Amino acid sequence: MSHPPTKEPAIASFVSKACPYCGKAMGKSGKYMATRDHAHIPKSKGGKLHGRNRIIACRSCNANKKDYPLIQWHDRLKRDQDPRAPKVAAILAQHHHN
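Residues numbered from 1 in each chain as written. Predicted model: local features only at pLDDT ≥ 70, side-chain atom pairs only at ≥ 80, totals over all residues. Heavy atoms only, no water.

Student: Could you give me a rundown of helix α3 (residues 70-79), with the residues and numbers involved?
Tutor: Considered for burial, the residues of α3 that qualify are Leu70, Trp73, His74, Arg76 and Leu77. Down the axis of α3, the buried set is contained in an arc of 165°. They therefore lie on one face. For α3, the exposed residues lying more than 90 degrees away from the buried face are Lys78 and Arg79. (Buried < 20%, exposed > 50% of the residue type's maximum accessible area, 1.4 Å probe, protein only. Helix = DSSP H or I, 4+ residues; strand = E, 2+ residues; numbered from the N terminus. Arc of directions from axis to C-beta.)

Student: Please provide a residue-by-residue account of the pattern of salt bridges, values included.
Tutor: Using the criterion set out here, one finds four salt bridges in the structure. The salt bridge partner of Lys45 is Asp67, with a shortest N-O separation of 3.4 Å. Of this pair, Lys45 sits in the loop between β1 (34-38) and β2 (54-58) while Asp67 sits in the loop between α2 (59-65) and α3, placing them 22 residues apart in sequence. Between Arg79 and Asp80 there is a salt bridge; the shortest N-O distance is 3.1 Å. (Salt bridge = Lys/Arg side-chain N within 4 Å of Asp/Glu carboxyl O.)

Student: Account for unusual backbone geometry, naming residues and giving values.
Tutor: Positive phi, normally seen in glycine, also occurs at Lys66, with a value near 55°. Here Lys66 shows up in the loop between α2 and α3. Its identity is not glycine, yet Gln81 carries a phi of approximately 55°, on the positive side. Its location among the elements puts Gln81 in the loop between α3 and α4 (85-97).

Have a look at this one:
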C-alpha cells in the first residue's frame, strides 16, 4: 500500500497528534506515520479523498483497516475485542449524526 509523504501540509499538520483510531501519536515515518484513510468508502470501491470520507490515521491502523469501509472494520474490531473498537464506534456515531 502506498502512503503519501508527510511533508504535504495537510498530513504534516497531523504529526504528533493522536491517531483517531488507536490514540497513538502519529509521526513523520514508520509504523505510526500519519496517512490518509478513505474511511467510509474505500478507494478500491470508488471512494474519494475529501470531506467526511477522509481521515488522517496512523499507517498501522490504515494498513489493518485495508479496504474495508469503516463500519465493516469496526465490526471486525468488535468481534476480535480490539481496543480500537470504541474509538472507531465514536467516529461512526459522529458521522451518523452529522
